Amino acid sequence: MRSLAALAHTDPAFLRRWRFAAGAAALADMLAFALLHGAGVSLEFAQALAFAAALLAAISVLPGIRCAHRWTTLCFVVALAYPLRAGVLSLFAAQWPPLVAIVPAALAGALTLLLGGTAAGASTRRQDFAVAVPLAVVYLLVLRLVYLGQIELAPQEAYYWNYSQHFDIGYLDHPPLVAWLIAATFALGDGEFFVRLPAVLAWAVMLAFAVAYAQDMAGRGNALRCALLAATLPFFFGIGVMITPDAPLAAAWAAALFFLQRALLGERPLAWLGAGLAIGIGMLAKYSMVLVPASAFVFMLVDARSRRSLLSAWAWGGVLVALLVFSPVIVWNLQHDWASFAFQGSRRLAARAPQFSLPEFLASALLLLTPLGVLALWRWLRPQGGMSSTFQVAPANDEPSLLAGRRRLFMQVFTLLPLLVFAVSSLRAETKFHWTGPIWLAILPVLAATMSRPGLGEGALDRWLARGWMPLLQALLLVYAYGLFYYPVWGLAGLRAHHNYLEMGWRDLRGQVQGIEEAVLRETGRRPAVVGLDKHNTADEMAFYDPRGDGARDTASRHLFFNENAVMYEFWFPRSAFAGRDLIAVSGWRGNLEDPRLLAAATRLGPVQVLIARKGGVAVATYYARVVYGYRPAPLPQ
């Protein structure tokens, strides 16, 4: 709230003009949409043309306004307002008549124009951050809430939803926290929104702890800029959009950093219990959380003042708390012959040929931190170059300098040690770009410091970084708003060739499979089950989009026919459970449905049927289906 108080210093005449422009835009938007809709123009083109009319109305009010970079500011604010307004319209138009839905949509667009123009009135750099940061965070939060229920689940998200429908204290390929969170929010309502809601909540928790950590490490001004980075850098933005174990992992990682720096640098004993709780929760999300306590142990070894913590009862109390929180996973593995630990360890390495993926590991830093972030990291790690006192190596023995040096060491250990583990692993194993994402939380204060002068110093690179961050983050905001939200729902300029992974047409495909299911029921009097013939993606989507709502109990994967990994489906659906039943096999590759193993497992086979999945009336994928009558499970290989 103190940040937003900077709005009070904005020129009153400037504010009045922007308010009038926003009001004119809302009125013109609603009137133009009503006229276009009444003329029979399609919803997609009516809303675009109505927004253009709203923009013209706003521009007609603004010519006399005095503001630095007036037209650049206006274009950016308008570019942000349009996808939010369109999302509100598509959200409400699904339930209300279009002429009613345009009212909240036009108001959302006008409010974005108003707040964006007000932020532009802040005249100093400090005010710019103070106003722009909370507005950017709120904008991204609202954008998520508006669109999350309008975009079909990605297969991985549907897989974790399936976790929640087979509720347990452990699973083969991940710990159970993501399933528990989905089960909690799905109890409030069904649909994509409630599946993804835990991701938004986890993102908010991560943001809060990242800001608190930055404030302790570098002060309030740094924390404000850190909030902007935690909201907009690709990994941190992404975990608040898709529900995966990375969302609660990042939240727990940020909390652990906050409590550990208070325990180790601030020497607050109770913080050890908070760190233990955060680490335990993180371990319930993803096993890579173990890198945080490993980093803490290394820091205690290399930092002389922290070594006494190795014998601290509070520190060992934190260890006990972490183990107690993580104990359900230990119990599940004990009950299942250590299957999950083996899957993530020895089985994962033994199942694949060595793969050199160091280039992918290095490229992930460019993607997750952006090139500016990588340059800022390089600048920070340089031993020379007159760095500012907050991040320098301690040159003296006074307490503030020593604390600055210990903070720098803390960030180095908690960044470089986990990165080293993944770098070594990448020499012979696959590396996925998002695996290192939470690691960068430790150095967010360093990146935030480079966003304004003096940053890390007064060199040419420091000046270049300070000038480059804001245009980069603004560009990222537009990429997210249009690429991840607007385009999958509305298309672009009438083009609706959606990206297959974001918009697969799963609901339409499952509806066609349901038609086959009803035909088999009429023919045989028995309701068939559905089987996806890939690892788990097709089965996940067929289960979630089952119109009857019981897909999680009656949808299996390829292990029924092929001796290939189907992850948790092998635990949920043993072959014997489907003996004698009719099955509908679904695959994106026709060859799977003509495999001799299907015939060997069937009393008889129906013909291969071609299914064209559509989204928004556009064909986005071709799938194939075949009825397997009288399933006969083959014996498992010895």
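Cut-offs used in this document
- Residues numbered from 1 in each chain as written.
- Predicted model: local features only at pLDDT ≥ 70, side-chain atom pairs only at ≥ 80, totals over all residues.
- Heavy atoms only, no water.
- Pairing = 2+ DSSP bridges.
- Helix = DSSP H or I, 4+ residues; strand = E, 2+ residues; numbered from the N terminus.
- Expected span 1.5 Å × (residues − 1).
- Bend = angle between axes of the 7 residues up to and from the residue.
- Buried < 20%, exposed > 50% of the residue type's maximum accessible area, 1.4 Å probe, protein only.
- Contact = heavy atoms within 4.5 Å.
- 1 Å grid on protein atoms, 1.4 Å probe; cavity = no way out; pocket = protein on both sides within 12 Å on 5 of 7 lines; lining within 4 Å.
- Points joined across faces, edges and corners; volume = space filled by probe spheres on them.
- Core = buried A, V, L, I, M, F, W, Y, C linked by side-chain atoms within 4.5 Å.

## Let's talk about the pairing of strand β5 (residues 609–615)
- Taken together, the 7 bridges between β5 and strand β6 (residues 618–629) define a ladder with antiparallel strand orientation. Residue L611 lies in a different strand from β6, and its bridge partner there is Y623.
- Here β5 folds back onto β6, and the loop between the two strands holds 2 residues, one of which, G616, carries a positive phi near 60°.

## A few points about helix α17 (residues 358–381)
- Across its 24 residues, α17 extends only 21 Å between first and last C-alpha, which sits more than 12% below the 34 Å expected from 1.5 Å per residue.
- Taken as a whole, α17 carries its principal kink of about 105° at L369; the proline P371 stands between one and four residues after it.
- Residues of α17 that are buried include every one of F361, S364, A365, L368, L369, T370, L372, G373, A376, L377, R379 and W380, and no others.
- Contacts made by the buried residues of α17 are with α10 (234–238), α18 (399–425), α19 (444–449) and α20 (460–490).

## Brief notes about empty space enclosed by the protein
- Enumeration according to the criterion identifies 3 cavities of 30 Å³ or more in this entry.
- Roughly 60 Å³ of internal volume is contained in the largest cavity.
- A25, A26, D29, F51, A54, L55, V78, R85, A106, G109, A110 and L113 are the residues that line the largest cavity.
- Taken together, the elements giving at least two residues each to the lining of the largest cavity come down to α1 (12–38), α2 (43–61), α3 (70–93) and α4 (98–120).
- In this model, the second largest cavity occupies a volume close to 50 Å³.
- Taken together, R510, E517, P528, A529, V530, D546, R548, D550, G551, D554 and T555 form the lining of the second largest cavity.

## Topic: the nonpolar core
- Ranked by size, the top nonpolar core spans 201 residues in total, and within it M206, F410, F414, L444 and F561 carry the most contacts.
- Per element, the largest residue contribution to this core is 14 residues, and it comes from helix α11 (residues 246–264).

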